Amino acid sequence: MQTQIYTAQVNVPSVEDFSAKYKQYGPLAQGPANFLFNVLVSPQSFVRAECATLLGRPAIDGPAEMAYQVVANQNDMKWNDNLKRFCGAVVCCLMEANGYLKTGEKKSVRHHAFSKGEFYRPVPQ
């Protein structure tokens, strides 16, 4: 058996990029939820979101557990509906930065902390 290394280039939006697009979540991303923002815009999160997308699931399905656990493991912030929407906005920004478009279709997410999520498709070339 031979081991090979796979690498992928991921465009990681800055907090300023995100805040310009999602003004309602800018203060959250720049302040108390910055830790969550950084987890969700990581290359690891994108790979998970892309895999979920390629498997026909909402993109948030991929990094949902990562997001939920990082919030659960700290004491300053509690999981709530606003954080769920924030996560969806961050994943949207990440997917669009990496060549995906919203489809307008939403379905239920398999993770218990989320209800529904957006589907994405690659930008036609």
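Residues numbered from 1 in each chain as written. Predicted model: local features only at pLDDT ≥ 70, side-chain atom pairs only at ≥ 80, totals over all residues. Heavy atoms only, no water.

Caption draft 1: Looking closely at the overall build of the chain. Of the regular secondary structure elements, the chain holds six helices and two strands. At 14 Å, the chain has a C-alpha radius of gyration in line with the 14 Å of a compact globule built from 125 residues. In terms of its C-alpha atoms, the chain occupies a principal-axis envelope of roughly 45 × 35 × 30 Å. Taken across its 125 residues, the chain has 43% of its residues classed as buried. Considering the chain, the positive charge centre built from 13 side chains and the negative charge centre built from 10 side chains are found 6 Å apart. (Helix = DSSP H or I, 4+ residues; strand = E, 2+ residues; numbered from the N terminus. Rg over C-alpha atoms; globule rule 2.2 N^0.38 Å. Buried < 20%, exposed > 50% of the residue type's maximum accessible area, 1.4 Å probe, protein only. Lys, Arg positive; Asp, Glu negative; His and termini not counted. Charge placed at Lys NZ, Arg CZ, Asp CG, Glu CD.)

Caption draft 2: Spotlight on the nonpolar core. In this structure, F18, L36, F37, L83, F86 and M95 are the most contacted members of the largest nonpolar core, which totals 35 residues. Elements supplying a minimum of two residues to this core: α1 (15–21), α2 (26–30), α3 (34–40), α4 (43–54), α5 (64–72) and α6 (81–97). The element best represented in this core is α6, accounting for ten residues. If near-sequence neighbours (up to four positions away) are discounted, M95 is found in contact with F46, A49, E50, T53, A59, Y100 and Y120. (Core = buried A, V, L, I, M, F, W, Y, C linked by side-chain atoms within 4.5 Å. Contact = heavy atoms within 4.5 Å.)

Caption draft 3: Representation of the packing of aromatic side chains within the structure. Evaluation of the coordinates by the stated rule reveals seven aromatic pairs. Relative to W79, the ring of Y68 lies with its centre 5.4 Å away and its plane at 75 degrees, an arrangement referred to as edge-to-face. Placement of the pair is Y68 in helix α5 and W79 in the loop between α5 and α6, with a sequence separation of eleven residues. Given the relative accessible area of 22%, Y68 is considered partly exposed. Here a set of aromatic residues connected by ring pairs shows up, and it is made of F18, Y22, Y25, F37 and F86. (Phe/Tyr/Trp six-rings, centres within 6.5 Å; stacked < 30°, edge-to-face > 60°.)

Caption draft 4: Structural context of the packing of α4 against α6. The geometry of α4 relative to α6 is characterised by a closest axis approach of 10 Å and an angle of 85 degrees between their N-to-C directions. It follows that α4 is roughly perpendicular to α6 by the angle criterion. Contacts between α4 and α6 pair S45, F46, A49, E50 and T53 from the former with V91, L94 and M95 from the latter. Counted by class, the contact of α4 with α6 contains five nonpolar, two polar and one charged residues. (Axes fitted to C-alpha atoms, helices over the stretch in contact; angles between N-to-C directions. Parallel < 35°, antiparallel > 145°, perpendicular 65-115°, else oblique. Nonpolar A, V, L, I, M, F, W, Y, C, P; charged D, E, K, R; others polar.)

Caption draft 5: Main features of the pattern of salt bridges. Taken as a whole and assessed by the stated rule, the structure comprises four salt bridges. Between K21 and E96 there is a salt bridge, with its nearest N and O atoms 2.1 Å apart. Placement of the pair is K21 in helix α1 and E96 in helix α6, with a sequence separation of 75 residues. For R57, the salt bridge is made with D61, and the minimal N-O distance between the two is 2.9 Å. Here R57 matches D61 in class, with each residue buried. (Salt bridge = Lys/Arg side-chain N within 4 Å of Asp/Glu carboxyl O.)

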